[in-house]
Amino acid sequence: MTDHPMIARIRLNPHSRDVQRDLRDATQMHRTVMRLAPDGLGESARQQAGLLYRVDETDTVSTLLVQGYHLDPTQLPGDYGRAETKSLAPMFNALRKGITVRFRIVVNPAKRELLPRACGSKRGKIIPLSGPDADHWWTRRATDAGLHLHVLTPTPLQPARPRGRDASPMRHSLLRYDGTATVTDPDNLAQAVLTGIGRGKSYGAGLLTLAPATAG
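On a predicted model such as this, the values are computed, not experimentally measured, just so you know.

Draft legend 1. Layout of the packing of helix H1 (residues 17–24) against helix H2 (residues 26–34). With their axes 5 Å apart at the nearest point, H1 and H2 run at an angle of 125° to one another. Between H1 and H2, the interaxial angle falls into the category oblique. For the crossing formed where H1 meets H2, the hand is left-handed. For the pair H1 and H2, the contacting residues are Arg 21, Asp 22, Leu 23 and Arg 24 in the first and Ala 26, Gln 28, Met 29 and Thr 32 in the second. Its residues assigned to classes, the contact of H1 with H2 shows 3 nonpolar, 2 polar and 3 charged.

Draft legend 2. Here's a closer look at the environment of Arg 199. With respect to the helices and strands, Arg 199 occurs in the loop between helix H6 (186–195) and strand S10 (208–212). Judged by its relative accessible area of 38%, Arg 199 falls in the partly exposed class. Separated by 89 residues in sequence, Arg 199 and Ala 110 place their C-alpha atoms 7.9 Å apart.

Draft legend 3. Up close: the nonpolar core. Ranked by size, the top nonpolar core spans 31 residues in total, and within it Phe 103, Trp 138, Leu 147, Tyr 177, Ile 197, Leu 208 and Leu 210 carry the most contacts. Contributing elements (two or more residues each) for this core: helix H4 (89–94), strand S5 (100–107), helix H5 (131–144), strand S8 (147–156), strand S9 (175–183), H6 and S10. Contact partners of Phe 103, with chain neighbours within four places excluded, come to Trp 138, Leu 149, Val 151, Leu 152, Tyr 177, Asp 178, Gly 179, Thr 180, Ala 181, Leu 208, Thr 209 and Leu 210.

What counts and how
- Residues numbered from 1 in each chain as written.
- Predicted model: local features only at pLDDT ≥ 70, side-chain atom pairs only at ≥ 80, totals over all residues.
- Heavy atoms only, no water.
- Axes fitted to C-alpha atoms, helices over the stretch in contact; angles between N-to-C directions.
- Helix = DSSP H or I, 4+ residues; strand = E, 2+ residues; numbered from the N terminus.
- Parallel < 35°, antiparallel > 145°, perpendicular 65-115°, else oblique.
- Left-handed = near helix turned anticlockwise from the far one by under 90°.
- Contact = heavy atoms within 4.5 Å.
- Nonpolar A, V, L, I, M, F, W, Y, C, P; charged D, E, K, R; others polar.
- Buried < 20%, exposed > 50% of the residue type's maximum accessible area, 1.4 Å probe, protein only.
- Core = buried A, V, L, I, M, F, W, Y, C linked by side-chain atoms within 4.5 Å.

Laid out in structure tokens, this is it:
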């Protein structure tokens, strides 16, 4: 595997039945994305492949972004969409303290419920966050990742719904953040890009993408 991952941008074909199924079913989308990774990676295949993904949707087009150390878009169904891949090495090499970047990320903001001591080692349920609580969650995570936020615009998305007999019954609340930030710690930021941020990485959350900020 290379030192830096690559990213594939797949413009989805809305007429493809596979695409229609995957956009309805988070479990199936995860399985389709995993087809891009090499075989034989063991039980933690997604982590081994560095695989993260996100679906960006507009009124006219849906784009699947997949990040990983080795991606093979030819493994997708033939009518799934048009794929373009590029190395992320130039982006990583350009990270410097003090530069301003534009960011986008879909996250699953959540916290674990605190239980009384009488419950012993029992763990509380995961509680999704929204509104100012979610904004504070992302601000803390961004700070830890080496970003000082200037502007953050939240956009609520449809929850990811895993389906199937063995799927988790929990819906994963998703929220997209767009904005600008100053890089404060390039090493922490690179690590956050590589490993993703927060929960729900198997369901389209956690992929942080960066671009140079343009003067307005």
